[in-house]
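Structure at a glance
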Amino acid sequence: MPHRARLTVDLSALDRNYRTLAALAGGAETAPVVKADGYGLGARQVALSLWAAGARSFFVARLDEGEGLRRALGSARPARIFVLDGLVPGTADRARRSGLIPMLADPVQVEAARAAGGDFPVGLHVDTGMNRQGLTPEYLATLAGDRRLEPVLLMSHLGSAAEPEAPRNRIQLDRFRRARSLFPDLPASLAASAGLFLGPEWRFDMVRPGVSLFGGGPFERPDPRIEAVATLDAPILYVRTVAPGEWLGYGSGLRVEEPTRIAVVAAGYADGLLRRGGGRASAWFAGARRPVRIVNMDLLAIEIGESPAKPGDRVELMGPNLPLDDLAAATDTVAHECLVRLSGRARRRYVRS
Ligand SMILES: *Cc1c(COP(=O)(O)O)cnc(C)c1O
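Attention here is on the structure that accompanies the text. (Residues numbered from 1 in each chain as written. Predicted model: local features only at pLDDT ≥ 70, side-chain atom pairs only at ≥ 80, totals over all residues. Heavy atoms only, no water.)

Concerning the site of the ligand
In the vicinity of the ligand, 14 residues are found, and the nearest of them are Lys-35, Tyr-39, Ser-193, Gly-210 and Val-211. Interatomic distance of 2.5 Å between a side-chain N/O atom of Tyr-39 and an oxygen atom of the ligand. Arg-208 places a side-chain nitrogen or oxygen 3.1 Å from a nitrogen atom of the ligand. If the ligand stood free it would expose 390 Å²; the protein chains cover 90% of that surface. For the ligand, the cavity whose grid points lie within 2 Å of the majority of its atoms is the largest pocket. (Near = heavy atom within 4 Å. Polar contact = N/O pair within 3.5 Å; in protein donor to acceptor, adjacent residues only side chain to side chain. Areas by Shrake-Rupley, 256 points an atom, 1.4 Å probe, with all protein chains shown as cover. 1 Å grid on protein atoms, 1.4 Å probe; cavity = no way out; pocket = protein on both sides within 12 Å on 5 of 7 lines; lining within 4 Å. Sits in = over half its atoms within 2 Å of the grid points.)

Next comes the structure, spelled out in structure tokens:
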């Protein structure tokens, strides 16, 4: 067993999450979002598994992610691949060559798509209130009936879907409905993971879940309907007792007040854990949650009390016993960030459960 952190990706759990979300989506198509190398879990493996489970449309962020995904799926799996960055001027030929569908998000991109000419399918991304990317509703209105464009999807993105009571959700829904009335024949998509859980009126013709496929609860807390997909574990290297009055790790901030048994584990922020997890996050060892005291680059220390422990024993740092959303809450971030950081030194392996 190599003495390093290991990231286990359970593709069966991924497929089950996909089926759970697809069932919830009802008649709407479930189009997985596999940007950022499949949320750090390997876009190729994840997409092949999801294709086999029934997914036929995918979203990525960058053009090169789309090109890579097309190569990974190959000509035997003619998925529709939507690119959220849209059409960066000068890249139409690359998008066309890989059969990608850019989600036009700015008037400059609309011009680039028109210049690319016919038989070039595009999506229209309308900004309904995130103010980050997307065409304004006013500009979108000028495109209705434009024969120089070949739109295949109308899309928008919710800014507050993880907070079901946030007033912005309704505002965005109303704006999206108005935008949609201009393109009554165009399939429409508004919801990502959280939006999909808000209710049927949010689902339209297609939903775009990312994080909930990969084990994140829709509302930034664990959800019993969603299974853990990624497990990070690492072996203990040393077991020792720190005497009262001694310091732990770097700096003079962490002084031990009573004899403290610790296990030093072969994982750290170079393996994708967040440094600020020290003093806040938990690890799972010998059937219980243990406080993580420090996270350094290569090593972290957990308190193990009286539990028997020896070098080589493995400690779970994220997984079925330590939900992603709990880790995210303890480290002041979202499940998405905890996942994408795992693309560091940890060795990945794929299993089916
Ligand atoms: C990332 C992203 C998604 C997926 O979001 P999750 O919260 O991971 O489900 C969907 N749509 C757009 C536009 C995105 O940028």
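Focus on the layout of surface pockets
In this structure, the largest pocket spans a volume of roughly 890 Å³. Forming the boundary of the largest pocket are 40 residues, of which Lys-35, Tyr-39, His-157, Ala-192 and His-336 lie nearest the centre. Mapped by element, the contributors of at least two residues to the lining of the largest pocket are α2 (35–39), α9 (193–196) and α11 (335–340). If you tally residues by element for the lining of the largest pocket, the top one is α11, at four residues. Tallied by class, residues from the lining of the largest pocket come to 20 nonpolar, 10 polar and 10 charged. Approximately 230 Å³ is the volume attributed to the second largest pocket. In terms of lining residues, the second largest pocket is bounded by Leu-248, Gly-249, Tyr-250, Leu-254, Arg-275, Arg-276, Gly-278, Gly-279, Arg-293, Ile-294, Val-295 and Asn-296. Classifying every residue of the lining of the second largest pocket by side-chain character gives five nonpolar, four polar and three charged. (Points joined across faces, edges and corners; volume = space filled by probe spheres on them. Helix = DSSP H or I, 4+ residues; strand = E, 2+ residues; numbered from the N terminus. Nonpolar A, V, L, I, M, F, W, Y, C, P; charged D, E, K, R; others polar.)

Here we look at empty space enclosed by the protein
Under the counting rule described, the total for this entry stands at two cavities of 30 Å³ or more. Empty space within the largest cavity amounts to approximately 120 Å³. Lining of the largest cavity is provided by 15 residues; of these, Leu-273, Leu-274, Ala-281, Leu-327 and Thr-331 occupy positions nearest its centre. For the lining of the largest cavity, the elements supplying multiple residues, two or more each, are β13 (288–295) and β15 (314–318). Taken together, the residues that form the lining of the largest cavity break down as 11 nonpolar, four polar and no charged. In this structure, the second largest cavity occupies an estimated 30 Å³ of space. Its residues assigned to classes, the lining of the second largest cavity shows one nonpolar, four polar and two charged.

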